[in-house]
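Report on the structure
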Amino acid sequence: MVKDTKNVSFEDLHLSEDILNAVKSAGYEKPSPIQAQAIPAILEGRDIFGCAQTGTGKTAAFALPIMQKLESGGHYPKPKQFRALILAPTRELAEQISSNIAVYGKALKLSHCKVYGGVSQNPQVKALAAGQDIVIATPGRLLDLFKQKKLSFEGVEYLVLDEADRMLDMGFLPDIRKICSQLPAKRQSLLFSATLSPEIQLLAQSIVVNPQKIMISPDKPTVDKIAQRVCFVESENKLNLLEHILREHMQDDDDAIALIFTRTKHGANKLAKKLSSMGIEADAIHGNKSQSARQGALNRFKQRESRVLVATDIAARGIDVKDMTLVINYDMPEEAETYVHRIGRTARAEKNGEAVSFCSPQEVSLLRAVEKFIKKSLHLSLDNPFHSQIAADMMAGKRGKVADYQRPSAVKPQRRQGGGQGNGKRRSADDSFGPSKPSRKPKGRGGQSGEGQKPSRSKPSSSRGAGSKPSGESRGKAKGKKPGFWEKMKAKAFGKKA
Ligand code: AMP
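Note that the structure is a prediction, hence the values are computed from the model and not measured.

Summing up its helical and strand segments, the protein chain has 18 helices and 14 strands in all. Counting every position in the protein chain, which comprises 498 residues, the buried fraction comes to 53%. Contacts in the protein chain between residues at least 24 apart in sequence constitute 74% of all its contacts with a sequence separation of at least 6.

Structure representation (structure tokens):
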């Protein structure tokens, strides 16, 4: 096993000449920590239980050694059979893995195909009939074709469960169990998850045998390079705040793009339309769209034909867009764990990124859950012209009965303070598009000096309260290029030139 992963090169990992060339042509200079640890262990034949942050290079960590082993194993798959099965929670992730495999396998003679729902099964059935070296599949369609006797699991030598935590969230556990019960007992199994929960550990116990455990910062699920901020904002002001942030983000950079998360598919459609009508070209991507529409939207986004992609959680998994520097949680995620997956769409491949979360008074409990899960406090956005003092106060524990705000549906009408524009009616995320004027500028998180906050919340490093450091400071220095969104925000807030 490679212990010191910092100074490891791909050449140290016992990879074949062909794979080394593929890695070079993919532009990878040195292995990421998970690659440095997983590749030699997989080549040795060990099962793997890997916990790594999203965007850390997990795909190459499992794909490269498996491809090398398949290539050197030499035999062809029988009709309807396949030698390696990679299970992914979403079509987008399956697509992503498949395109990585196509890149890595340029010089190899390995076949692979994708099997997922939402598209015609005929080409998939045809590909499977011929036998494949690698199948990348989502569980539902795979089982469906198995039931139709279009495939056999008998030839599987390698099993990969990618983003296993997400598969559990999406209710795939029964499907995974059914699939595993059909696989040959003698196989090498690899399970990867971005987060480590008791459920994942239980699943791992039933799938991997005496695994090599690879834990890449399991207690710190969010990537360090993502500058994470929260904007307290009333629901009805979210669109205005979004427009403000997007225009700032894009004004000096023709290539700047942003990924925005909404809670509902309807909300995603509506928001994309609104933004487009405001002159910010946007597409929506969610589970109600056909696979080709989803792929089309993703391609337009990658080519910068649209500047904004509005997504729901399921569709966003697996989105890997180069130089995507800004993720916005327009709606706070319902599950704290989802936050990690959402913001992991930025700061890919060790680049910097920004994640901004909009938190309305109704979403304060969701923000609390996120902070508890990631074990850190989000910085307060300094220049939020639509600041909601109500939400800030609630977060600081100064206002409202927390029990009343556990879920958006439990929210009681709130009157806005000090010249706020709210009408007191509860609004869902979907009807938060009406124009309204900015409310007061923020004074700091909670509006004051951190009084009333829990001790753990008032650490100097967390930029809470008026006395704390400007939130964008460390990040601006880290970037070392032309001033970005946060630098400009900081400059505005402090009257300095960015
Ligand atoms: P993944 O976590 O597998 O989705 O990978 C995230 C991104 O990192 C993808 O764009 C990969 O192409 C890229 N990547 C993977 N491994 C490396 C590496 N060793 N060096 C640079 N980029 C990498």
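This part takes up unusual backbone geometry. Located in the positive-phi region is H14, a residue other than glycine, with phi close to 65°. Positionally, H14 belongs in the segment before α1 (17-25). Judged by the 14 C-beta atoms lying within 10 Å of it, H14 is partly exposed. Even without being glycine, K80 reaches a positive phi, approximately 70°. Mapping K80 onto the fold places it in the loop between α3 (58-73) and β2 (82-87).

Attention now goes to the sheet that holds strand β10 (residues 282-285). Backbone hydrogen bonds are what pair the strands of a sheet, in a parallel or an antiparallel way. Reading across the sheet, the 7 strands line up as β10-β11-β9-β12-β13-β8-β14 and stay open at both edges, with parallel pairing between neighbours. Taken across any chain shown, the strands that pair with only one partner, and hence form the sheet edges, are β10 and β14 (379-380). Strand direction decides the pairing type here: strand β8 (residues 226-232) and β14, joined by 2 bridges, are parallel. For R229, the partnering residue across the bridge sits in β14 and is H379. The strands touched by helix α14 (residues 336-343) within the sheet are β8, β9 (258-261), β12 (326-329) and β13 (353-359), with β12 carrying the most contacts at an inclination of about 155°.

Pairing within the open sheet is parallel, and its 7 strands lie in the order β3-β4-β2-β5-β6-β1-β7. Strands at the two margins of the open sheet, each flanked by one partner only, are β3 (112-115) and β7 (212-215). Across the sheet, the axes of successive neighbouring strands diverge by a mean angle of 15°, strand direction being ignored. As defined by bridge partners, β2 adjoins strand β4 (residues 132-137) across 5 bridges and the pair is classed as parallel. Directly across from A84, in β4, lies its bridge partner I134. Where helix α5 (residues 122-129) meets the sheet, it contacts β3 and β4, and its direction lies at approximately 145° from that of β3.

Right, let's talk about helix α2 (residues 33-43) for a bit. Taking burial as the measure, the 11 residues of α2 include 8 buried ones, the bulk of the element. Buried within α2 we find I34, Q35, A36, Q37, A38, I39, A41 and I42. Buried residues along α2 sit in contact with β1 (48-51), α3, β6 (188-193) and β7.

So, on to the packing of α2 against α3. Interaxial distance between α2 and α3 falls to 9 Å at its minimum, and their mutual angle equals 25°. Taken as axis vectors, α2 and α3 run roughly parallel relative to one another. For the pair α2 and α3, the crossing hand works out as right-handed. Here α2 contributes I34, Q35, A38, I39, I42 and L43 to the contact with α3, which in turn contributes K58, A60, A61, F62, L64, P65, I66, Q68 and K69. Taken together, the residues that form the contact of α2 with α3 break down as 11 nonpolar, 2 polar and 2 charged.

Next up on the list: the nonpolar core. Counting 125 residues, the largest nonpolar core has L191 and V310 as its most contacted members. A total of 8 residues in this core trace back to one element, the largest contributor, which is α3. For this core, the domains that each give at least three residues are domain 1 (10-215) and domain 2 (226-404). Look past the residues within four positions of L191 in its chain and what remains in contact with it is I48, F49, L161, A164, A204, I207 and V208.

Here we take up the environment of R263. With respect to the helices and strands, the residue R263 is situated in the loop between β9 and α11 (265-277). Spatially, the C-alpha atom of R263 lies 7.6 Å from that of D313, the residues being 50 residues apart in sequence.

This part covers the pairing of β3. Bridge count between β3 and β4: 4 bridges; the pairing is parallel. Bridge pairing links V115 to A137 in β4. In terms of handedness, the path from β3 via α5 over to β4 forms a crossover that is right-handed.

Across the protein chain, pLDDT averages 79, with 75% of residues at or above 70. Looking at the elements of the protein chain, mean pLDDT is at its lowest for helix α17 (residues 473-479), recorded as 33, and at its highest for β4, recorded as 98.

What follows covers the pairing of β13. β13 sits mainly inside the fold: 7 of its 7 residues count as buried. Residues G353, A355, S357 and C359 line one face of β13 and the alternating positions E354, V356 and F358 line the opposite face, and both faces are buried. By the bridge criterion, 7 bridges tie β8 to β13 in an arrangement that is parallel. Residue pairing for β13: V230 is matched across the bridge by S357. Bridge analysis of β12 against β13 gives 4 bridges, and the strand direction is parallel. By the bridge assignment for β13, I328 is matched with V356.

Reading the values: rules and limits
Residues numbered from 1 in each chain as written. Predicted model: local features only at pLDDT ≥ 70, side-chain atom pairs only at ≥ 80, totals over all residues. Helix = DSSP H or I, 4+ residues; strand = E, 2+ residues; numbered from the N terminus. Buried ≥ 20, exposed ≤ 12 C-beta atoms within 10 Å, placed from the backbone. Contact = placed C-beta atoms within 7 Å. Pairing = 2+ DSSP bridges. Axes fitted to C-alpha atoms, helices over the stretch in contact; angles between N-to-C directions. Parallel < 35°, antiparallel > 145°, perpendicular 65-115°, else oblique. Left-handed = near helix turned anticlockwise from the far one by under 90°. Nonpolar A, V, L, I, M, F, W, Y, C, P; charged D, E, K, R; others polar. Core = buried A, V, L, I, M, F, W, Y, C linked by C-beta atoms within 7 Å. Domains from an automatic or database assignment. Right-handed = clockwise from strand over helix to strand, strands pointing away. pLDDT = per-residue confidence, 0-100.

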